[in-house]
Amino acid sequence: MSFLHKLKPSATGLVIGLIAIYWVVFSFRFQVWEKNQVKDDVINYYAYLPATVIYHDVSLKFAVGNNYFGDKIWLTPAPNGNSYIKMSMGMSVMYSPFFFIAHLQTILSSEAPTGYSRTYQDWLIIGAGIYLLIGLFFLRKVLLRFFSEGVSALVLFLIFFATNLSWYSAGEPLMPHVYLFSLVSVLLYLSIRWHETPTAKFSILLGLVMGLIILIRPIHAMLVLVPLLYNVESWQGFKAKLVFLKSKILQMGIISLCIFLAGLPQLIYWKYITGNWFFYSYGDEHFYWNNPHILDGLLSFRKGWLIYTPVMFLALAGFFWLAKYLKSFRTVLLVVFPLFVYITYSWWCWWYGGTFGQRSMIDIYPLLALAMGAFFKHVSTKRVIVWA
């Protein structure tokens, strides 16, 4: 066993291990008194799975007039009289591996497979923890391409413990944010790898990840700009990027096809239920493009992002040094971040309900982690004197 003495855990590895321990302790302690995680928006995110696998009826007729499903299925009426699921099915796709494990365990036991028992919820919660670790693993790989082990470890620590990512991975783990955090981390990594090696494998993976992000939250289609603007440092660089993409027309076709295939089940569902391939499922809820609440969303005491997550001031400060330390992602951040903020706070419910901080911003924390890394890298090159 002498080889064990040669193992030197990295700082980033230790941070991820600490996060994993925290998640296990906090998540399952919280579940002792929180008896139901399939609530609020999660009701719609999850409904596709039991409706399809257990009740074999995506039209939701099985829930009509059934008191058991009164707080488990939301019946939203379509113009043609059918009931539909309001949210898109991306989260059900992400839940599905753990749903099927729970379903198999339930079938093999004496428990009735309702889809809503504690067994199902426990496995879904375990899934959220696994997705968190996947996201941290890939974000670590991206950070270490640009920053030292110490800076990367500090960023990972703060992104989790100093933000509401810790809550939405353990306290409300079935909300979409930890899943999107994970997928966006993978997207950053695949964007780098695809540019290094634009093979069919990376094209398929990149397309499927982008397709899943859009399937979970369609407005996040803006994140296709991440690979498109990666490594663009100037106007000349943008024109060179267009030439590069044109030379990879086959790979671009594969990526586009995979994005389409990821979204195809949703189109089929809408066609089956409503009669239309494309359907706006949010009814009277809209974006108000000419009246965004950007200052409120960032700085108000009603869920202001920077008020309740002040550590992100460090990420914003890092924008000043993107050109020096993060050239390949500079244009991505300068374009995607303000676009994301504008779209997010143009939604009618810009405070996003009774949330723990401004939860909507968690989805792009992997990008902001890079900016935070630029800040700490700059600070690490200076002599900082602290007066007591």
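Description of the structure in this document. Quick caveat, the model's predicted, so the values are computed rather than measured.

1. A short note on the overall build of the protein
Tallying secondary structure elements over the protein gives 18 helices and 2 strands in all. Over its C-alpha atoms the protein spans a radius of gyration of 22 Å, differing by no more than 12% from the 21 Å that the globule rule assigns to 388 residues. Along the longest, intermediate and shortest principal axes, the C-alpha atoms of the protein span 70 × 50 × 50 Å. For the protein, with 388 residues in total, the buried portion stands at 53%. The contacts of the protein with a sequence gap of at least 6 include a subset with a gap of at least 24, amounting to 75%.

2. Remarks on the pattern of salt bridges
With the rule as written, the count across this model stands at 7 salt bridges. Taking the shortest distance from any N to any O, the salt bridge between glutamate 196 and arginine 193 comes out at 2.9 Å. With a gap of 3 residues between them, glutamate 196 and arginine 193 both fall in helix α8 (residues 177-196), about one helical turn apart. When the shortest N-O distance is used, the salt bridge between aspartate 363 and arginine 217 registers 3.5 Å. Of this pair, aspartate 363 sits in the loop between α17 (327-344) and α18 (365-380) while arginine 217 is found in the loop between α9 (200-216) and α10 (225-229), placing the two residues 146 residues apart along the sequence.

3. Quick look at unusual backbone geometry
A positive phi angle is found at asparagine 231, which is not glycine, with a value near 70 degrees. Within the secondary structure, asparagine 231 is located in the loop between α10 and α11 (235-247). Here the phi dihedral of lysine 303 falls at roughly 70 degrees; this positive angle occurs in a residue that is not glycine. Mapped onto the elements of the fold, lysine 303 is located in the loop between α13 (294-299) and α14 (305-308).

4. Some words on empty space enclosed by the protein
The full count for this structure, using the stated rule, is 1 cavity of 30 Å³ or more. Space inside the largest cavity adds up to approximately 30 Å³. Considering the residues around the largest cavity, the lining is formed by Gln37, Lys39, Asp40, Val42, Glu172 and Met175. Here the lining of the largest cavity is built from residues that sort into 2 nonpolar, 1 polar and 3 charged.

5. Let's talk about the packing of aromatic side chains
Applying the stated criterion across every chain yields a total of 40 aromatic pairs. Summarising the aromatic geometry, the rings of tyrosine 95 and tyrosine 179 are spaced 5.7 Å apart at their centres and angled 85 degrees between planes, so their arrangement reads as edge-to-face. Pair noted here: tyrosine 95 is in helix α4 (residues 90-108) and tyrosine 179 is in helix α8, with a separation of 84 residues, a long-range link. Across the pair, exposure class does not vary: tyrosine 95 and tyrosine 179 are buried alike. Three or more aromatic residues joined by ring pairs make a cluster, and in this case those are Tyr46, Tyr95, Phe98, Phe99, Phe100, Tyr116, Tyr120, Tyr131 and Tyr179. Across the ring face of phenylalanine 202, the terminal group of lysine 201 is positioned such that the distance to the ring centre comes to 4.7 Å.

6. Observations concerning the nonpolar core
Within the largest apolar cluster, 128 residues are counted, with the highest numbers of intra-cluster contacts made by Tyr46, Tyr95, Trp305, Met312, Phe329, Tyr365 and Leu370. Top contributing element to this core by residue count: α8, with 13 residues. Those residues in contact with tyrosine 95 that sit more than four places away from it in its chain are Val42, Tyr45, Tyr46, Leu49, Leu124, Leu174 and Tyr179.

7. Structural notes on a nonpolar patch on the surface
Together, Leu295, Leu299, Phe301, Ile307, Tyr308 and Phe313 line one region of the surface with nonpolar side chains, adding up to about 650 Å² of accessible area. Those elements that provide at least two residues to the nonpolar patch are α13 and α14. Locating phenylalanine 313 in the fold gives a position in helix α15 (residues 312-318).

8. A look at the layout of surface pockets
The volume enclosed by the largest pocket comes to roughly 1000 Å³. As for the largest pocket, its lining consists of 44 residues, of which Met87, Ile216, Arg217, Pro218 and Tyr282 are closest to the centre. Of all the secondary structure elements, the ones that give two or more residues to the lining of the largest pocket are α2 (42-46), α9, α12 (249-274) and α17. Counting residues per element, the lining of the largest pocket draws most heavily on α12, which supplies 6 residues. Every residue lining the second largest pocket is listed: Tyr48, Leu49, Thr52, Val53, Val58, Met89, Ser92, Val93, Ser96 and Tyr269. Among the secondary structure elements, those contributing two or more residues to the lining of the second largest pocket are α3 (48-54) and α4. For the lining of the second largest pocket, the element with the most residues is α3, which contributes 4 residues. Here the residues of the lining of the second largest pocket are counted per class, giving 7 nonpolar, 3 polar and no charged.

9. A word on the side chain of serine 328
Topologically, serine 328 is positioned in helix α17. Other than its neighbours up to four places away in sequence, serine 328 contacts Phe146, Leu229, Tyr230, Asn231 and Val232.

The rules we used
Position labels on residues start from 1 in each chain and follow its written sequence. Owing to the predicted nature of the model, reporting of local features is limited to residues with pLDDT of at least 70; listing and counting of side-chain atom pairs is limited to 80 or more, with chain, interface and lining totals taken over all residues. As a rule here, side-chain values come from all non-hydrogen atoms in the structure, and water together with hydrogens is ignored. Secondary structure elements follow DSSP: runs of H or I of four or more residues count as helices, runs of E of two or more count as strands, with numbering from the N terminus. Here the radius of gyration uses the C-alpha set of atoms, whereas the globule reference equals 2.2 Å times the residue count to the power 0.38. Only protein chains enter the accessibility calculation, which uses a 1.4 Å probe; a residue whose area is less than 20% of its type maximum is buried, one above 50% is exposed, and one in between is partly exposed. Contacts: residue pairs with any heavy atoms within 4.5 Å of one another. We define a salt bridge as a contact between a side-chain nitrogen of Lys or Arg and a carboxyl oxygen of Asp or Glu at a distance within 4 Å. Using a 1 Å grid laid over the protein atoms alone, points where a 1.4 Å probe fits but cannot get out form a cavity; open sets with protein on both sides within 12 Å along at least 5 of 7 lines form a pocket; any residue with an atom within 4 Å of a point counts as lining. Grid points are joined across faces, edges and corners, and a volume is the space filled by probe spheres set on the points. Amino acids are sorted into nonpolar (Ala, Val, Leu, Ile, Met, Phe, Trp, Tyr, Cys and Pro), charged (Asp, Glu, Lys and Arg) and polar (every other residue, Gly among them). To pair, rings of Phe, Tyr and Trp, with the six-membered ring standing in for Trp, must have centres within 6.5 Å; the planes then decide the type, stacked if under 30 degrees apart, edge-to-face if over 60, and tilted in the middle. Lysine NZ or arginine CZ positioned within 6 Å of the ring centre and within 35 degrees of the ring normal marks a charge as sitting over the ring. Think of a nonpolar core as a cluster: buried Ala, Val, Leu, Ile, Met, Phe, Trp, Tyr and Cys residues, connected wherever their side-chain atoms sit within 4.5 Å. Only residues above 30% relative accessible area that lack a salt bridge enter a patch, with like-charged residues linked at up to 9 Å and the nonpolar side chains Val, Leu, Ile, Met, Phe, Trp and Tyr linked at up to 5 Å. Surface accessibility in these figures is a Shrake-Rupley result with a 1.4 Å probe; residues are shielded only by whichever protein chains are displayed.

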